[in-house]
Amino acid sequence: MTDAWTWLTTGAHWTGEEGVGARLAEHVYVSGLALLIAGAVALPLGLWLGHLGRGGALAVNVSNVGRAVPVFAVLALFMVSPLRNAGQVPTVAALVLFAIPPLLTNAYVGVREVDRAAVRAARGMGMTGGQVFRRVELPLAAPVVMTGVRSAAVQVVATATIAAMAGQGGLGRIITAGFALYDTAQVVAGAVLVALLALVVEGLLVGLDRLMVPRPPRT
């Protein structure tokens, strides 16, 4: 760990195209883009299926099957496809497929676990289906949905490291370069950077969750 700290505090390792700064920017870019695309696909679908109460079980089961598919295998498949010359597209595509299951599952489960008595009461007050969803189901489902977002975000940040094994960018390149050079300090430093980034992302999303999701007043 002392050698890893020395590696991390050496200014030369943070500059240039192969430096920590450039690799960190690549990692954040592909992780953030993948999470945004996965959220745009999975969250509306999961919330809609949860509101309807139909077809959600099939969608959740299909997404759970997707969790069993190794991300590296998907990435390797993309790397031998026409997408191999499309920059970071293979990495983003593989991470999107990896992020969809927790987002879809939590969105669906969050809406379906809303107290049905509250939903019936809202309908009894004359609310339309859209009003019930916006004013009752979505606010009550928000904590579960945000848990899925946090889980997906941390998993994507950690899994994006694997992209380096297929020649893609990100912090994983620091680790693979360390293995190639038999430099244990660099390998440990790269792993620490990935772990710290995951913790930072988790902390930011927890803060966002507290701002967006209302908490009941303390008695």
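A quick note: this is a predicted structure, and the numbers were derived from the prediction, not measured. (Residues numbered from 1 in each chain as written. Predicted model: local features only at pLDDT ≥ 70, side-chain atom pairs only at ≥ 80, totals over all residues. Heavy atoms only, no water.)

### Looking at the overall build of the protein chain
Here is step 1 of the chain: For the protein chain, the count of helices and strands is 9 helices and 0 strands.
Here is step 2 of the chain: Considering the protein chain as a whole, with its 219 residues, one finds that 43% of them fall into the buried category.
Here is step 3 of the chain: Taking as baseline every contact in the protein chain between residues at least 6 positions apart, the subset at least 24 positions apart corresponds to 73%.
Here is step 4 of the chain: Of the accessible surface of the protein chain, which amounts to about 11800 Å², a share of 69% is contributed by carbon and sulfur atoms. (Helix = DSSP H or I, 4+ residues; strand = E, 2+ residues; numbered from the N terminus. Buried < 20%, exposed > 50% of the residue type's maximum accessible area, 1.4 Å probe, protein only. Contact = heavy atoms within 4.5 Å. Areas by Shrake-Rupley, 256 points an atom, 1.4 Å probe, with all protein chains shown as cover.)

### Focus: helix H6 (residues 116–124)
Here is step 1 of the chain: For H6, the N-terminal cap is Asp115; the gap from its side-chain oxygen to the backbone nitrogen of Ala117 is 3.0 Å.
Here is step 2 of the chain: Count one or two residues on from H6 and you reach Gly126, which has phi positive near 95 degrees. (Polar contact = N/O pair within 3.5 Å; in protein donor to acceptor, adjacent residues only side chain to side chain.)

### Describing unusual backbone geometry
Here is step 1 of the chain: For Tyr182, which is not a glycine, the phi torsion comes out positive at approximately 55 degrees.
Here is step 2 of the chain: With respect to the secondary-structure elements, Tyr182 resides in the loop between helix H8 (172–180) and helix H9 (184–212).

### Overview of the pattern of salt bridges
Here is step 1 of the chain: All chains considered together, the criterion is met by 5 salt bridges.
Here is step 2 of the chain: In this structure, the salt-bridge partner of Arg116 is Glu137, at a minimum N-O distance of 3.8 Å. Here the residue Arg116 occupies a position in helix H6, and Glu137 occupies one in helix H7 (residues 129–159), the gap between them amounting to 21 residues.
Here is step 3 of the chain: Relative accessible area serves as the criterion here: at 27%, Arg116 is assigned to the partly exposed category.
Here is step 4 of the chain: Residues Arg150 and Asp209 are paired through a salt bridge, measuring 3.1 Å at the closest nitrogen-oxygen approach. (Salt bridge = Lys/Arg side-chain N within 4 Å of Asp/Glu carboxyl O.)

### Re a nonpolar patch on the surface
Here is step 1 of the chain: A surface patch of nonpolar side chains, amounting to about 280 Å² of accessible area, comprises Leu45, Trp48 and Leu52.
Here is step 2 of the chain: Positionally, Leu52 belongs in helix H2 (residues 20–52). (Patch = residues over 30% accessible without salt bridge, like charges linked within 9 Å, V, L, I, M, F, W, Y side chains within 5 Å.)

### Focus: the packing of H6 against H7
Here is step 1 of the chain: Where H6 contacts H7, the two axes come as close as 10 Å, and the packing angle between them is 135 degrees. Taken together, the axis directions place H6 and H7 in an arrangement best described as oblique. Two packed elements cross with a definite hand, and for H6 against H7 that hand is right-handed. Contact residues: H6 offers Arg116, Ala118, Val119, Ala122 and Arg123, while H7 offers Gly129, Val132, Val136 and Glu137.
Here is step 2 of the chain: Tallied by class, the residues present in the contact of H6 with H7 amount to 5 nonpolar, 1 polar and 3 charged. (Axes fitted to C-alpha atoms, helices over the stretch in contact; angles between N-to-C directions. Parallel < 35°, antiparallel > 145°, perpendicular 65-115°, else oblique. Left-handed = near helix turned anticlockwise from the far one by under 90°. Nonpolar A, V, L, I, M, F, W, Y, C, P; charged D, E, K, R; others polar.)

### Quick look at the side chain of Asp209
Here is step 1 of the chain: Structurally, Asp209 is set in helix H9.
Here is step 2 of the chain: The class of Asp209 is buried, set by a relative accessible area of 7%.
Here is step 3 of the chain: Among the polar contacts made by the side chain of Asp209, one reaches the side chain of Arg150 at a distance of 3.1 Å.

### Topic: the packing of H2 against helix H5 (residues 89–112)
Here is step 1 of the chain: Axis separation between H2 and H5 bottoms out at 7 Å; the angle between their running directions is 30 degrees. Here H2 lies roughly parallel to H5, going by the angle between them. Handedness of the H2/H5 crossing: right-handed.

### Thoughts on the confidence of the model for the protein chain
Here is step 1 of the chain: Of the residues in the protein chain, 84% reach a pLDDT of 70 or more, and the chain-wide mean stands at 82.
Here is step 2 of the chain: Mean pLDDT in the protein chain bottoms out at helix H4 (residues 71–79), which sits at 65, and peaks at H2, which reaches 91. (pLDDT = per-residue confidence, 0-100.)

### Focus on H9
Here is step 1 of the chain: Look at H9: 42 Å from first C-alpha to last across 29 residues, which is about the 42 Å you get at 1.5 Å a residue.
Here is step 2 of the chain: Turning to H9, its buried residues number three or more, namely Ala185, Gln186, Val187, Ala189, Gly190, Leu193, Val194, Leu197, Ala198, Val201, Leu205 and Asp209.
Here is step 3 of the chain: Residues of H9 that are buried sit in contact with helix H1 (2–8), H2, H7 and H8.
Here is step 4 of the chain: Where H9 begins, the capping side chain belongs to Asp183, and its oxygen is found 3.2 Å from the backbone nitrogen of Ala185. (Expected span 1.5 Å × (residues − 1).)

### Some points on the side chain of Thr161
Here is step 1 of the chain: Position of Thr161 relative to the elements: it lies in the loop between H7 and H8.
Here is step 2 of the chain: Thr161 has contacts with His27, Gly172, Ile175 and Val194, leaving out every residue within four places of it along the chain.

### Overview of the environment of Leu95
Here is step 1 of the chain: Following the sequence through the fold, Leu95 ends up in helix H5.
Here is step 2 of the chain: We classify Leu95 as buried; its relative accessible area is 1%.
Here is step 3 of the chain: Every residue in contact with Leu95, bar those within four places of it in the chain, is listed here: Val30, Ala34, Val156, Thr159 and Ala160.

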